[in-house]
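# Summary of the model geometry
Listed below are the residues making up each chain.
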Amino acid sequence: MRNPGTTHGGRATAPLPVRKVPKPLLSAATAALCALLVAGCSSAGSGSGGAAASDAKITLTVGDYGTFGYKQTGLFDAYMREHPGITIVEHTVEQETDYYPALQTHLASGSGLDDIQAVEVGRIAQVVKKQANKFVDLGKADGVDKGAFLPWKSQQASTTDGRTIGLGTDIGPMAICYRKDLFQQAGLPTDREEVAKLWQGDWAKFVETGKQYQAKAPAGTFFTDSAGGLFNAVVSSSTTQYDNSSGQLDYKNSPSVKNAWNLATGAVQAGISAGLKQFDTPWYQAFANSKFATVACPSWMTAIVADKSGSANKGKWDIATAPAAGNWGGSFLTVPKAGKHQKEAEALAAWLTAPAQQAKVFTTVGNLPSNTQALSRPEVQNAQLDFFGDTPTGRIYAATAQSIQPTVIGEWDGLVKDTLTNGALLSIEQHQSDPAKAWGNAVKEIDDKVSD
């Protein structure tokens, strides 16, 4: 999932569509969830179930951003019904870029922290490296099986001495969402498998397809939404991103960063990008106004496409495999040691990230599970999104998730991505800045902040 305001990962913040699940599968999912609840959630909270289920009144606070889906799915309500002594209060901030600085302030002072705090994937390395001692080792919490999560996901929230400070909520495997009607008008294929062949295995082919589109593009439309989105998609599908194998920031020498920069600036020069800043109002409006034909589309992006495009464009969008498998987004649940109710918070975090709950979140709001058992559940594999018609949404994203290769995520990745996409590339697109100067200015800004 991606969070508006950051280029690392996120989630939709607007009302979300409902995913279609075959009735027998939905019933199975509901039965599984009910079974967990009737059992008192013992598998996830056996170590603190007594305290949680006692007559003592406890308020657990959960700090997060965007849409984690817990209210939309009714999971908080379900947990509170089975734990009458617990009240859950969610503190949600729309923009992750507003949420994270506040979290840092509370961590520094040791006060004002929620019992559970979400951390986005672009920030997790910084938290692990500099603040791990401020969080509970959830790898030792009752009901937690670290091996149940995708290995590369768990690795991102683990310290060198084996502590796990965060449980993965979701991941953001990428695809390409595209407008079938605009492709047809531009003389391109519309079948999702044929579309995927246009750029299979190479992001450069994606740019070349954009040039073909633009040559016959419907008036006022562009092939893709933004150079920043393209840049981030290319980097996110590489095993070497902003850091070297030792975990040291090395974006200036990264082959994937160089390739992404060249492709993104080339897209601008070829006139195939709409030049928008992702997650700003004009970008949202462009969906409804049919201003672009493709967008790099992590699983969480499908909800934004559906909501912002409007009912008039229902059935016009489809989803094709991206040029390369990559992950864009995803978050973790952590339990700060400064919290008042650590055991109860551990139990809730474990339960929320268990297979049945992650599957329910996906089939409701589109946040793809990071738990391997949840990924293989039939309600996930067979999920479809009404807005996209018969597109096998679940199978497309689950298959991509299994193909993602581990990459080093460093403590400065979020800063570098934001500076290069929302700074340098946006200045090239919207202010016609010279690419060499824009790169130089970005490097100086990044290096100044890293050295502080």
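Read on for a plain summary of the structure. (Residues numbered from 1 in each chain as written. Predicted model: local features only at pLDDT ≥ 70, side-chain atom pairs only at ≥ 80, totals over all residues. Heavy atoms only, no water.)

One can find A312 in the loop between α14 (301-309) and β10 (317-321). For A312, a relative accessible area of 63% gives the class exposed. Sequence separation of A312 and A288 is 24 residues, and the distance between their C-alpha atoms is 8.1 Å. (Helix = DSSP H or I, 4+ residues; strand = E, 2+ residues; numbered from the N terminus. Buried < 20%, exposed > 50% of the residue type's maximum accessible area, 1.4 Å probe, protein only.)

Here the focus is the layout of surface pockets. For the largest pocket, the calculated volume is near 590 Å³. Lining the largest pocket are 24 residues, with A125, V128, Q155, S158 and I409 positioned closest to its centre. Elements supplying a minimum of two residues to the lining of the largest pocket: α6 (121-131) and α7 (151-156). Counting residues per element, the lining of the largest pocket draws most heavily on α6, which supplies six residues. Counted by class, the lining of the largest pocket contains eight nonpolar, twelve polar and four charged residues. Approximately 300 Å³ is the volume found for the second largest pocket. What lines the second largest pocket is a set of 16 residues, among which Y100, R123, G414, L415 and D418 lie closest to the centre. Elements represented by at least two residues in the lining of the second largest pocket include exactly α5 (96-109), α6 and α20 (413-431). Looking at the lining of the second largest pocket, the element that brings in the most residues is α20, giving five residues. Among the residues making up the lining of the second largest pocket, the classes are represented as four nonpolar, seven polar and five charged. (1 Å grid on protein atoms, 1.4 Å probe; cavity = no way out; pocket = protein on both sides within 12 Å on 5 of 7 lines; lining within 4 Å. Points joined across faces, edges and corners; volume = space filled by probe spheres on them. Nonpolar A, V, L, I, M, F, W, Y, C, P; charged D, E, K, R; others polar.)

Here we come to the packing of helix α11 (residues 227-236) against α20. For the pair α11 and α20, the least separation of the axes is 8 Å and the interaxial angle reads 140 degrees. Relative to α20, the element α11 lies oblique. Relative to α20, α11 is oriented so that their crossing is right-handed. On α20, the residues that touch A227, G228, F231, N232, V235 and S236 of α11 are K417, L420, T421, L425 and E429. Split into classes, the residues belonging to the contact of α11 with α20 amount to five nonpolar, four polar and two charged. (Axes fitted to C-alpha atoms, helices over the stretch in contact; angles between N-to-C directions. Parallel < 35°, antiparallel > 145°, perpendicular 65-115°, else oblique. Left-handed = near helix turned anticlockwise from the far one by under 90°. Contact = heavy atoms within 4.5 Å.)

This part takes up the state of the cysteines. If you walk through the whole model with that rule in mind, you get one disulfide. What pairs with C177 in a disulfide is C297, and their sulfur atoms sit 2.1 Å apart. The sign of the S-S torsion, about -60 degrees, decides the handedness of the disulfide formed by C177 and C297: left-handed. Separated by 120 residues along the polypeptide, C177 in strand β7 (residues 174-179) and C297 in strand β9 (residues 292-298) bring together distant segments of the chain. Grouping residues by exposure puts C177 and C297 together as buried. (Disulfide = S-S within 2.5 Å.)

Strands sit in the order β3-β2-β4-β11-β5 across an open sheet of five strands; the sheet is mixed. Of all strands in the sheet, those with a lone pairing partner are β3 (86-93) and β5 (167-168), marking the two edges. Where strand β2 (residues 58-65) and strand β4 (residues 116-120) come together, two bridges link them in parallel fashion. Each bridged residue has a counterpart across the sheet, and for V62 the counterpart in β4 is I116. Where α6 meets the sheet, its contacts fall on β4 and β11 (331-334), and the angle it forms with β4 comes to roughly 110 degrees. Set on the sheet, helix α15 (residues 342-352) makes contact with β2, β3, β4, β5 and β11; between it and β2 the angle comes to about 50 degrees. (Pairing = 2+ DSSP bridges.)

Take α14 next. The element α14 is extensively covered by neighbouring structure, given that seven of its nine residues are classed as buried. All of the buried residues along α14 are M301, T302, A303, I304, V305, A306 and S309. Directly beyond the C-terminal end of α14, a positive phi value near 85 degrees is found at G310.

Our next topic: the sheet that holds β9. Within a sheet, neighbouring strands are paired by backbone hydrogen bonds and run either parallel or antiparallel to one another. Within the open sheet, the four strands sit side by side as β8-β9-β7-β10. Their pairing is mixed. Looking at the sheet topology across the chains shown, the edges are occupied by β8 (222-224) and β10. Neighbour-to-neighbour, the strand axes of the sheet open up by a mean angle of 20 degrees, direction not taken into account. Packing against the sheet, helix α10 (residues 203-215) makes contact with β7, β8 and β9, and its axis sits at approximately 165 degrees to β8. Along the sheet face, helix α13 (residues 281-288) touches β7, β9 and β10 and points at about 115 degrees away from the line of β9.

What follows deals with the packing of aromatic side chains. Tallied over the entire structure, the rule returns 22 aromatic pairs. Their ring planes at 55 degrees and their centres at 5.4 Å tell us that Y70 and F76 sit as a pair that is tilted. F76 shares its class with Y70; the two are buried. Centre to centre, the rings of Y213 and F223 are 5.9 Å apart; their planes meet at 50 degrees, and the pair counts as tilted. Placement of Y213 in helix α10 and of F223 in strand β8 is noted, with a sequence separation of ten residues between them. Just as Y213 is buried, F223 falls in that class too. (Phe/Tyr/Trp six-rings, centres within 6.5 Å; stacked < 30°, edge-to-face > 60°.)

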